[in-house]
Amino acid sequence: MSLEIEVVENGSGSSLLLPLGPSEGWGGAAVVSVTGRPNPLISPPGLQQDSAANRLRPNLRTPRAAGVDEESIQAFEANLAGNLYKLWNRLCSGSYLPPPVKAVEIPKRSGGTRVLGVPTVADRVAQTVVHLYLEPAVEPGFHPDSYGYRPRRSALDAVRVCRERCWRYDWVIDLDLRSFFDSLDHSLVLRAVARHTSERWILLYVQRWLEAPLQREDGTLEARDRGSPQGSAISPLLANIFLHYALDRWLAGEFPAVPFERYADDAILHCKSKQQAQIVLEAIARRLAQVGLELNPDKTRIVYCKDANVYCKDANRTGSHEHERFDFLGYTFRPRLARSRSGGFFVSFCPAVANGAVKEIGRTIKRWRLHLRSGLTLTDLARTINPIVRGWINYYGRFYRSKLIALLRRIDDYLVRWAMKKYKRLRGHPPRARRMLASVQRREPALLAHWQAARPTAG
C-alpha cells in the first residue's frame, strides 16, 4: 500500500491528493497519520483548494474575517500545499484541535449586538471539508419547507411560497426563537448528526468544534457548553440538522395540515383559524422546551393575514386582530394595493421590501456621497455602484417592485446634484440637470442598473 501524498498542479492551483492505494474502509482512502502510519479511526475526504478553500473566499475579504491567529486567506494560500498538508495530517491522525473562535460583535437592526464566531482560515477549511462530506448524506432527508443554507434553495423561494400560502390561509404564526445559535444542546446535536453518519471522525470533530472556546476582544477565553457560533462553516448545517428533528419532523407529524416555511431559525406557519394558531403555538412552545430552546415572546406573534384594510378585513372575511403584518427574510407582508391583469386595482396581502431594509439601503446610498464625486464620469459612478444596486434589485425587487423603485429614485436625486457640480452650465439649475440625465438615460438605458428597474424620473 502506497502512503504517499502527491502534490500536483491543476488549472486553479495546487491540490493535495488522497494517499494512493487500497482503502482502510473508513471513507474510501488509506489514511496517513503524522508518523506516516495508517489510522483506521479517522479518514476525512481530501482537502482540495478548488473545493474547500475556494468556498471560503467570499467571506474572507475583510480584515475582520480573520480568526484569532489574524491569518488571512491570502496568507494561507501563499503556502497552500504546506498548510493543507499539515491540516490533513492532523485531521487524519485525530490530533487536530480547533483553535478558539474569535468573538466579533455586530449591531442588530432591532438594537443591541449579536456575537459572531470567526474561526481561523485553516479551521474553516477543515469545517468545509466536513460540510462537503456530510451535506449529501443529510440533504435528501430534509423537509421540503426548509430553505436556509441548502443547495438549489433560496430565501426568495421561501418568500414566494409564503406569499402564496398567505392567500390560502387566514392566519400566520410568526415564529422567532430566542438566541437559537447560542442555545443548541451539544448532546442533542451530536445525536442528530449520528443519525446520518457512522463516520467517527465526523462525530469527533463536530464535538470539538461545538466545544471550542470563544475568545473575547480582550483575549479572555470563554468555555461553551451550549451553542454553535454563527459565522463558522459548519454551524448552518448543524442548525438545519438539529431543527429538522426538533421542529420540522415534529410539525409534520403533529400538525400535518399546518404548512410552514423555515429559513434557519426564522419560521412562518399557516393556520386556518386563530384557535388553531393558538393551539399550534402552545404546542411548539412545549416542544422547544423539551429540546432546550424557547420562543422570543416579543417577536413571536399570531397575525391575521388577509386582503384587508387597517384591520386586515375584506369583503369575504370579517374580524380584526392586534397584528396585521409580519416581516420575513427582509420583506414585510401586509395588505397592499395591487393591480389585476385586467388593469383594475384590489387589496392583496403580499410582501415588499421591509422598512428596515429600506433604511439600510438609504443609508448606503447616502454614504456613497455621489454628489461630491464630480471628478468621476457617470460611467465611473456606474461601475462603482451597479454591482450593489443589482443585488438590491435581484433580491428586494422580486416582489412588489414599485416599493423598491421609489427608493432607487434617491440615486437620481444625488446624480442631479453631481451633474450640477460637474458641469458649469448646470449649476443652480436642477431641472436642466434632470433633463441632461434623462437624455443620457434614453441613449444608454443600461448604463445604471437602477435605470433598468425604475421608471425614468428625469425630465
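Note that the structure is predicted; figures quoted are calculated from it, not measured.

**Digging into the nonpolar core**
- Among the nonpolar cores identified, the biggest contains 60 residues, and L175, F180, I241, F242, L269 and I284 are the most heavily contacted of them.
- Counting 56 residues, the second largest nonpolar core, distinct from the first, contains L156, L329, A357 and V389.

**Description of the pairing of strand β9 (residues 266–271)**
- Counted residue by residue, β9 has five buried out of six residues, so it is predominantly covered.
- For strand β5 (residues 171–176) and β9, the ladder comprises six bridges, and the chain directions are antiparallel. Its bridge partner being in β9, V172 is matched across the sheet by H270.
- Both strand β8 (residues 260–263) and β9 contribute to a ladder of four bridges, which runs antiparallel. Paired with R262 across the strands is A267, a residue of β9.
- The hairpin turn running from β8 into β9, its antiparallel successor, is two residues long, and A264 in that turn takes a positive phi close to 60°.

**Brief notes about the state of the cysteines**
- For the structure on display, the rule yields zero disulfides.
- Not engaged in a disulfide, the cysteine C271 finds its nearest cysteine sulfur in C305; these two sulfurs lie 9.3 Å apart.
- Overall, the relative accessible area of 0% leaves C271 in the buried class.

**Section: the sheet that holds strand β4 (residues 113–118)**
- With mixed pairing, four strands are arranged side by side in an open sheet as β4-β3-β6-β7. Where the open sheet ends on each side, the last strands, each with one partner, are β4 and β7 (221–222).
- Two elements, strand β3 (residues 101–107) and strand β6 (residues 214–215), share two bridges in a ladder whose sense is parallel. Note on β6: the bridge partner recorded for K102 is Q215.

**As for the environment of Y263**
- Tracing the backbone shows Y263 in strand β8.
- With residues near it in sequence (within four places) discarded, Y263 still touches Y147, G148, Y149, S154, A155 and L329.

**Digging into helix α3 (residues 80–93)**
- End to end, α3 covers 20 Å across 14 residues, agreeing with the expected 20 Å (1.5 Å per residue, within 8%).
- Looking only at α3, the buried set comprises L80, N83, L84, L87, W88, N89, L91 and C92.
- Backbone geometry just downstream of α3 places G94 in the positive-phi region, at approximately 80°.

**Structural notes on the sheet that holds strand β11 (residues 326–328)**
- An order of β11-β12-β13 is seen for the three strands of this open sheet, with the pairing classed as antiparallel. Every interior strand has two partners, whereas the edge strands, β11 and β13 (345–353), have only one. Strand after strand, the sheet turns through a mean of 50° between neighbouring axes, direction not considered.
- Examined bridge by bridge, β11 and strand β12 (residues 331–339) share three bridges and lie antiparallel to one another. When the sheet's bridge partners are listed, F328 is paired in β12 with Y331.

**A look at the packing of helix α11 (residues 355–368) against helix α13 (residues 401–422)**
- In the contact formed by α11 and α13, the axes pass within 10 Å of each other and the chain directions differ by 10°. What the angle tells us is that α11 and α13 run roughly parallel. By crossing handedness, the relation of α11 to α13 is classed as right-handed. On α13, the residues that touch N355, V358, I361, G362, I365, K366 and W368 of α11 are K403, L404, L407, R410, I411 and Y414.
- Here the contact of α11 with α13 is built from residues that sort into eight nonpolar, two polar and three charged.

**Comments concerning the side chain of S232**
- With respect to the secondary-structure elements, S232 resides in the loop between β7 and α9 (235–254).
- On the basis of relative accessible area, S232 is assigned to the buried category, the value being 8%.
- Within the local environment of S232, its side chain forms a polar contact with the backbone oxygen of P229, the two atoms lying 3.3 Å apart.
- With residues near it in sequence (within four places) discarded, S232 still touches G117, P119 and Q127.

**Describing unusual backbone geometry**
- Despite not being glycine, E70 shows a phi value in the positive range, around 60°.
- Topologically, E70 is positioned in the loop between α1 (49–56) and α2 (73–78).
- Although it is not a glycine, R152 sits at a positive phi angle of roughly 60°.
- Looking at the secondary structure, you find R152 in the loop between α4 (121–138) and α5 (155–166).

**Some words on the confidence of the model for the protein chain**
- Averaged over all residues, the pLDDT of the protein chain equals 82, while 81% of them reach at least 70.
- Low confidence marks residues 1–43, where pLDDT is under 50. Its contacts with residues over four positions away, or in another chain, come to 95 contacts.
- With pLDDT under 50 throughout, residues 308–318 is counted as low confidence; its partners more than four residues away or in other chains account for 24 contacts.

**Details of α13**
- Taking 1.5 Å per residue, 22 residues should reach 32 Å; α13 reaches 32 Å between its end C-alpha atoms and fits that length.
- Every buried residue of α13 is accounted for by L404, I405, L407, L408, I411, D412, Y414, L415, V416, W418, A419 and M420.
- Looking at the packing, one finds that the buried side of α13 touches β13, α11, α12 (378–396), α14 (430–443) and α15 (449–453).

Rules used in this analysis
Residues numbered from 1 in each chain as written. Predicted model: local features only at pLDDT ≥ 70, side-chain atom pairs only at ≥ 80, totals over all residues. Heavy atoms only, no water. Core = buried A, V, L, I, M, F, W, Y, C linked by side-chain atoms within 4.5 Å. Buried < 20%, exposed > 50% of the residue type's maximum accessible area, 1.4 Å probe, protein only. Helix = DSSP H or I, 4+ residues; strand = E, 2+ residues; numbered from the N terminus. Pairing = 2+ DSSP bridges. Disulfide = S-S within 2.5 Å. Contact = heavy atoms within 4.5 Å. Expected span 1.5 Å × (residues − 1). Axes fitted to C-alpha atoms, helices over the stretch in contact; angles between N-to-C directions. Parallel < 35°, antiparallel > 145°, perpendicular 65-115°, else oblique. Left-handed = near helix turned anticlockwise from the far one by under 90°. Nonpolar A, V, L, I, M, F, W, Y, C, P; charged D, E, K, R; others polar. Polar contact = N/O pair within 3.5 Å; in protein donor to acceptor, adjacent residues only side chain to side chain. pLDDT = per-residue confidence, 0-100.

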